[in-house]
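Report on the structure
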Amino acid sequence: MEGLLIAIDGPAGSGKSSVARAVADKLGFANLNTGAAYRAVALLALREGVDLDDGASLAEVSRRVSLDERGALVDGVLVRESALLRTPEVSAAASTVSARPEVRAVLLEVQREAAREASTQRGAVVEGRDIGTVVLPDAELKIFLSAAPEERARRRAHQTGREAELDRIREAMRKRDRQDSERETSPLKPAPDAVTLDTTSLDLDGVVSRVLELARELREKGA
Ligand code: DC
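Residues numbered from 1 in each chain as written. Predicted model: local features only at pLDDT ≥ 70, side-chain atom pairs only at ≥ 80, totals over all residues. Heavy atoms only, no water.

**Description of the nonpolar core**
In globular proteins that are soluble, nonpolar side chains generally tend to be buried together. Core analysis: the largest hydrophobic core is formed by 39 residues, its most contacted members being Val-65, Leu-107, Val-126 and Leu-136. Residue contributions to this core peak at nine residues, all from helix H2 (residues 35–47). The contacts of Val-65, once residues within four sequence positions are left out, are Ala-37, Ala-40, Val-41, Leu-44, Leu-73, Val-74, Leu-107 and Val-110. Judged by nonpolar contacts, the second largest core, of 20 residues, contains Leu-141, Leu-197, Val-208 and Leu-214. (Core = buried A, V, L, I, M, F, W, Y, C linked by side-chain atoms within 4.5 Å. Buried < 20%, exposed > 50% of the residue type's maximum accessible area, 1.4 Å probe, protein only. Helix = DSSP H or I, 4+ residues; strand = E, 2+ residues; numbered from the N terminus. Contact = heavy atoms within 4.5 Å.)

What follows is the structure in structure tokens.
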């Protein structure tokens, strides 16, 4: 399946990252987590005191960010402490900066370049919010993962070891969902040709098997 591009989109807690990683591993593909680029822009902006409403300055910050299989890079250096990118503050700021068209325009090219690079020899599994709709509209396979909000909040709490803060996580997630799906530029929504999988009552293996099956069908059809 050389060169095959698989787009996996969906909201926080839908299982995107785990599914994308497992599918990439199984197929021997590269895995690109595009959210890391938005998070790196947010981290830089917070560190450098850039106003999160200042599109032009945010665009400048975004130009210092790139992406590869290992994660996000700032000024060409990998952000090794990935926990820094996952704090509640950075998560909230990432959602805010991702609504800025200036940021999206810069990161669009960053993501396409990373996908081109990653898929030249092997295929790539690219996960995000608008991969199938905007970043890689020609991806051969597009998956949209959904799950009930309560289940997504529970997964995120478990993932981050913050079970005691479930209420706060649920509230922050609701806010982020609204922001991500109501923004004007590239809102979170399935591509018309995406296969939507509801993961509420499916375990990771079930979702991964289904995606692998779809990839196999594509290959058999000679894509
Ligand atoms: O997938 P994630 O939670 O790490 O993404 C962080 C933020 O970045 C999220 O609020 C939405 C935004 N994002 C986006 O707008 N487009 C993408 N392709 C990936 C992430």
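**Details of helix H9 (residues 204–220)**
Working note: α-helix, 3.6 residues per turn, so residues spaced by three or four point in the same direction. With 17 residues, H9 extends 24 Å between its outermost C-alpha atoms, agreeing within 8% with the 24 Å of an ideal straight helix rising 1.5 Å per residue. Those residues of H9 not exposed but buried are Val-207, Val-208, Val-211, Leu-212, Leu-214, Ala-215 and Leu-218. One side of H9 holds all its buried residues, which, seen down the axis, span an arc of 155°. Along H9, exposed side chains directed more than 90 degrees from the buried face belong to Asp-205 and Glu-220. The inward-facing, buried residues of H9 contact strand S1 (5–9), helix H1 (16–27), strand S7 (141–146) and strand S8 (195–198). Trailing H9 by a residue or two, Gly-222 shows a phi angle of about 85°, which is positive. (Expected span 1.5 Å × (residues − 1). Arc of directions from axis to C-beta.)

**Quick word on the sheet that holds strand S5 (residues 77–78)**
A sheet is described by the order of its strands in space; here three strands give the open sequence S3-S4-S5, paired in antiparallel fashion. With partners counted over all chains shown, the strands left at the sheet margins are strand S3 (65–68) and S5, one partner each. As defined by bridge partners, strand S4 (residues 71–74) adjoins S5 across two bridges and the pair is classed as antiparallel. Residue Leu-73 lies in a different strand from S5, and its bridge partner there is Leu-78. Packing against the sheet, H2 makes contact with S3 and S4, and its axis sits at approximately 150° to S3. (Pairing = 2+ DSSP bridges. Axes fitted to C-alpha atoms, helices over the stretch in contact; angles between N-to-C directions.)

**Structural notes on the sheet that holds S8**
Strand order across the open sheet formed by five strands is S2-S6-S1-S7-S8, with parallel pairing between neighbours. Each having just a single partner strand, strand S2 (30–33) and S8 make up the two edges of the open sheet. The average angle at which neighbouring strand axes cross in this sheet is 20°, direction not considered. Summarising the sheet, S1 and strand S6 (residues 124–128) pair through five bridges and their orientation is parallel. Its bridge partner lying in S6, Leu-5 is registered against Ala-124.

**Overview of the site of the ligand**
The environment of the ligand is made up of 17 residues, and the closest members are Arg-39, Arg-104, Arg-129, Asp-130 and Arg-176. With respect to the ligand, the side chain of Arg-104 contributes an N or O atom lying 2.8 Å from an oxygen atom. In this structure, an oxygen atom belonging to the ligand sits 2.8 Å away from a side-chain N or O atom of Arg-129. When the free accessible area of the ligand is taken as 450 Å², the share hidden by the protein chains comes to 98%. Elements represented by at least two residues in the shell around the ligand include exactly H2, helix H4 (88–98), helix H5 (101–119) and helix H8 (166–182). Along the lines of polarity and charge, the residues of the shell around the ligand split into three nonpolar, six polar and eight charged. (Near = heavy atom within 4 Å. Polar contact = N/O pair within 3.5 Å; in protein donor to acceptor, adjacent residues only side chain to side chain. Areas by Shrake-Rupley, 256 points an atom, 1.4 Å probe, with all protein chains shown as cover. Nonpolar A, V, L, I, M, F, W, Y, C, P; charged D, E, K, R; others polar.)

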